[in-house]
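Coordinate analysis (summary)
Now for the letters of each chain:
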Amino acid sequence: MRLAAGDVDAAVVEFERARRLRPTAAGPLHWLGCAAAHRGDLAAAERHLTAALACAVPHRRTLIQRAYVHARAGAPEAALSDLRAASRIAPLDDEARWVMAALSGRPAREVALRLRKAALQGLMSERGADPARECAGRARAGALVDAARGLDPEPGGFVPLHAVVLVRGGRRAAAVELLHEAARRDPTDHRVTHTLALALLNSPGGQRGPEWERCIAAWASVLHDAGFWERARATASRRYGVAVEASLVPALRAGLREALERRMPDDAGTRVAPGPLLQREADAAKLLAAVGGFPSAQGGGVPLFCGPLRIAELGRSAEFGAFAAAQEARALHTGAAHTAAQQAHALRANGFHPVEDTPAALPPGATAAVTGHPSIDPAAGAPPMYTSLTYAFSELGFAQLLLGLGKPGDALAALAELRCPSCRARGGPGAAAVCEPDCARFDELNPGYAGLPDRHRRLSLDARGLALEARLSMGRDELTADRPDFTAAAAYWRRALVHSRELDRYRETQTAIVDMALGAARAAHYEGRLTRAVATLEATRSVIGANERGRLEGQLARVLADRGISVANEEDGPLDQPAADLRRSVAFNPHLLRTQVSLGIVLRRLAAARWGSGSLSGARDTLREAIDQLTAALEHFPDDPDLEDQREAAVADLDHVMWQPDESER
Ligand SMILES: [Zn+2]
């Protein structure tokens, strides 16, 4: 017991005493040999053990102990012959077997197998022992598994178990390495990936950036691996004795993801903070899972579910580029309707509310344009933005994610710098925001574009496309804000239009902006916020070219007329503003009879007010304007009785006013 506890000196005193008492017994000699071996005195150990073997009834483990002493003393032949002799007496234990396999030059794989078996056997036999012995047993098992790792890269099933043995034996780094190697060999084994993810997440502080990236890559992979969740369900069912429904998985997944996001440090020396990095990685994995995963082997194989960090880590960027391009081509081919459905699905998954889910308080057109989704039209040949694997598996993924979350400002900030640190250092400010075509890290950072002939140009164009969408969204957000800033909205749109020219999407973008503004204006009009509607349309008109202005001006004519009429109808309200609104309305659209009649009435009332306040010349001018306007209106609406009446009344008014003495004569 003293020997086991490490108190060798005290143990030796006891053994010596026992030998003096029973000089012919093997036991005391055996233990004296063990104690000497413990101290490293191999010659003494061999002497004691040989003497013990000469006794009438030798201890059953003396041969094996002497074999170990021979092995340590560099006498493999002697060790082997002892082990062979021992194996003839009784079957060897796992520990002796691996020593024998190693000494007799058995293949490395066999030795490794025996080492691992001995490790597990040792752990089992030390279970429930006192803490010091259990701890020593764990360390020993860890050492054996670690030694096996050096001999034989383990192919399969027991990697997670052996990793746990390593971690428990205080060899976390070795465990992580073992798991990494196994994950590289078979990235689709979610048990290995999950153990790796756990080992990395729980590694004590001081992890560097690349380790966090690997940790995030592994977790994102697990989150969207159906096999992992199936196993989690089965395990939970067994443990709690209840069926765990598949319908619970989305909630469990969201919970796990949130828990992970909380565990991420704010700054870990990664290029992007771990929190957003995990979000991008998990979202990309989700998109990949939605198309059935990435074939793990050429021409098929078990599908792999993961994000771009893992693709890069596995060195599969080039293949992935081709895969993503093929997926995109297929999505476009399947037709706009199907793609739109997919996109709507993705939007919903991203927390967007599709048109049909919004309350029908607004006119349908307004709703569609105000909640307006990205204007990229699948039928027009561009990929559906929120489901694009190419975007998600690139540096654009962050901006894509933020746009999806309704944070266009943050998305724009994320687009400002898409280069790796060395390209940034080379390019300096003002250079293109994407990595140079010859950048060695391009494919690693942008697997979605890897291997494409014009990948650099395409990435820049797609970045611009996202910037365009972000500017459009920011403009829309400004219009629908509680306190809209119309100048700011117009500025966002001007920038969007600049991008659109570069992308050859100018007309399309103009149409999108006009649709959005008309929708917002219609919604404001419907709510009776006429001034807001007018400002929306005017701000938009200031950035839109002549070809799209017609639609805005038609709407502006109606809103101005409504505002003019409604203000004019207020009791005792001043009439200059309504008159100005109605004049502009008529100028934009002379074909609105109601506006023409109303302008005539308002001008006559304005003339009366001017006369009343003592300005005869003002009254005359206004009445002349009314007659001219009504005369012009009658050309659009010949013989209209209301217009005729107003014109006659205006002429009579003017006659009456002309007969009045001038204010200068009064
Ligand atoms: Zn670069």
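This part takes up the overall build of the protein. For the protein, the helix and strand inventory stands at 33 helices and two strands. Relative to its 666 residues, the protein shows a buried fraction of 46%. When the accessible surface of the protein is split by element, carbon and sulfur atoms take 54% of a total near 32,200 Å².

Distances from the zinc ion to its protein donors, C420 (SG), C423 (SG), C435 (SG) and C439 (SG), fall at 2.2 to 2.3 Å. On the primary sequence, the residues serving as donors to the zinc ion are separated as C-x2-C-x11-C-x3-C. Residue C423 is located in helix α23 (residues 421-427), and its partner C439 is located in the loop between α23 and α24 (442-445); the two are separated by 16 residues in the primary sequence. By relative accessible area, C423 is classed as buried at 0%.

Attention now moves to the nonpolar core. Residues I64, L179, L196 and L201 are the most contacted members of the largest nonpolar core, which totals 58 residues. Among the elements that make up this core, the one with the highest residue count is helix α12 (residues 209-223) (nine residues). If we skip the residues at most four places from it in the chain, L201 touches W212, C215, W219, L260, R263 and M264. Judged by nonpolar contacts, the second largest core, of 29 residues, contains L472, L530, L537 and I544.

On to the confidence of the model for the protein, then. Looking at the protein, pLDDT values average 84 and 89% of them are 70 or higher. Long-range and interchain partners of residues 342-383, a stretch whose pLDDT sits below 50, account for 73 contacts in this model, where long-range means more than four residues apart.

With that settled, the discussion passes to helix α13 (residues 226-240). In this model, α13 (15 residues) spans 21 Å end to end at C-alpha, consistent with the 21 Å of a helix rising 1.5 Å per residue. The N-capping residue of α13, defined by a side-chain oxygen 2.9 Å from the backbone nitrogen of G227, is D225. Two residues or fewer past α13, G241 is found with a positive phi of approximately 70°.

A full pass over the atoms with the stated rule returns six aromatic pairs. Seen from their ring centres, F294 and F320 are 5.2 Å apart, and the 70° between their planes marks the pair as edge-to-face. One end of the pair, F294, is in strand β1 (residues 294-297); the other, F320, is in helix α17 (residues 317-333), with 26 residues separating them in the sequence. Given a relative accessible area of 3%, F294 falls into the buried group. For F320, a relative accessible area of 0% corresponds to the buried category. A connected cluster of aromatic rings, assembled from ring pairs, spans F294, F320, F323 and F393. Looking at R501, its charged tip hangs above the ring of Y506, at a distance of 3.8 Å from the centre.

Scanning the entire structure with this criterion turns up 38 salt bridges. A salt bridge links R584 to E538, with the shortest nitrogen-to-oxygen separation between them at 2.3 Å. Here R584 is found in helix α30 (residues 576-588), whereas its partner E538 is found in helix α28 (residues 530-541), with 46 residues between them in sequence. Look at R584 and you get partly exposed, because its relative accessible area is 32%. Assessed through its relative accessible area of 30%, E538 is described here as partly exposed. Bridged by salt links that share partners, the residues D146, R149, R171 and E177 form one connected network.

A separate point is helix α2 (residues 26-39). Helix length check: α2 (14 residues) gives 20 Å between terminal C-alpha atoms against 20 Å at 1.5 Å per residue, within 8%. Of all 14 residues making up α2, ten are buried, and the element is well covered by its neighbours. Residues of α2 that are buried include every one of A26, P28, L29, H30, L32, G33, C34, A35, A36 and A37, and no others. Contacts made by the buried residues of α2 are with α1 (8-21), α3 (42-53) and α4 (62-72). Looking at the residues trailing α2, positive phi occurs at G40, about 95°.

Running from N to C, helix α9 (residues 159-168) and helix α11 (residues 190-201) cross one another at 20°; their axes reach a closest spacing of 9 Å. In terms of their interaxial angle, α9 and α11 are classed as roughly parallel. Where α9 approaches α11, its residues V159, P160 and A163 are matched on the opposing element by R191, V192 and T195. Here the residues of the contact of α9 with α11 sort into four nonpolar, one polar and one charged.

Here we come to the side chain of R316. Here R316 lies in the loop between α16 (308-313) and α17. A polar atom in the side chain of R316 sits 3.2 Å from the backbone oxygen of P295. Apart from the residues within four sequence positions on either side, R316 is in contact with F294, P295, S296, A297 and I311.

Moving on: the side chain of E328. Locating E328 in the fold gives a position in helix α17. Engagement of the side chain of E328 in a polar contact is seen with the side chain of T390, the distance being 2.4 Å.

Let us now look at the environment of L309. In this structure, L309 sits in helix α16. With 92 residues separating them along the chain, L309 and A217 place their C-alpha atoms 5.6 Å apart. Not counting chain neighbours up to four residues away, the residues in contact with L309 comprise E213, I216, A217, L277, R280 and E281.

What counts and how
- Residues numbered from 1 in each chain as written.
- Predicted model: local features only at pLDDT ≥ 70, side-chain atom pairs only at ≥ 80, totals over all residues.
- Heavy atoms only, no water.
- Helix = DSSP H or I, 4+ residues; strand = E, 2+ residues; numbered from the N terminus.
- Buried < 20%, exposed > 50% of the residue type's maximum accessible area, 1.4 Å probe, protein only.
- Areas by Shrake-Rupley, 256 points an atom, 1.4 Å probe, with all protein chains shown as cover.
- Donors = N, O, S within 2.8 Å, 3.2 Å for Na, K, Ca; no water.
- Core = buried A, V, L, I, M, F, W, Y, C linked by side-chain atoms within 4.5 Å.
- Contact = heavy atoms within 4.5 Å.
- pLDDT = per-residue confidence, 0-100.
- Expected span 1.5 Å × (residues − 1).
- Polar contact = N/O pair within 3.5 Å; in protein donor to acceptor, adjacent residues only side chain to side chain.
- Phe/Tyr/Trp six-rings, centres within 6.5 Å; stacked < 30°, edge-to-face > 60°.
- Lys NZ or Arg CZ within 6 Å of the ring centre and 35° of its normal.
- Salt bridge = Lys/Arg side-chain N within 4 Å of Asp/Glu carboxyl O.
- Axes fitted to C-alpha atoms, helices over the stretch in contact; angles between N-to-C directions.
- Parallel < 35°, antiparallel > 145°, perpendicular 65-115°, else oblique.
- Nonpolar A, V, L, I, M, F, W, Y, C, P; charged D, E, K, R; others polar.

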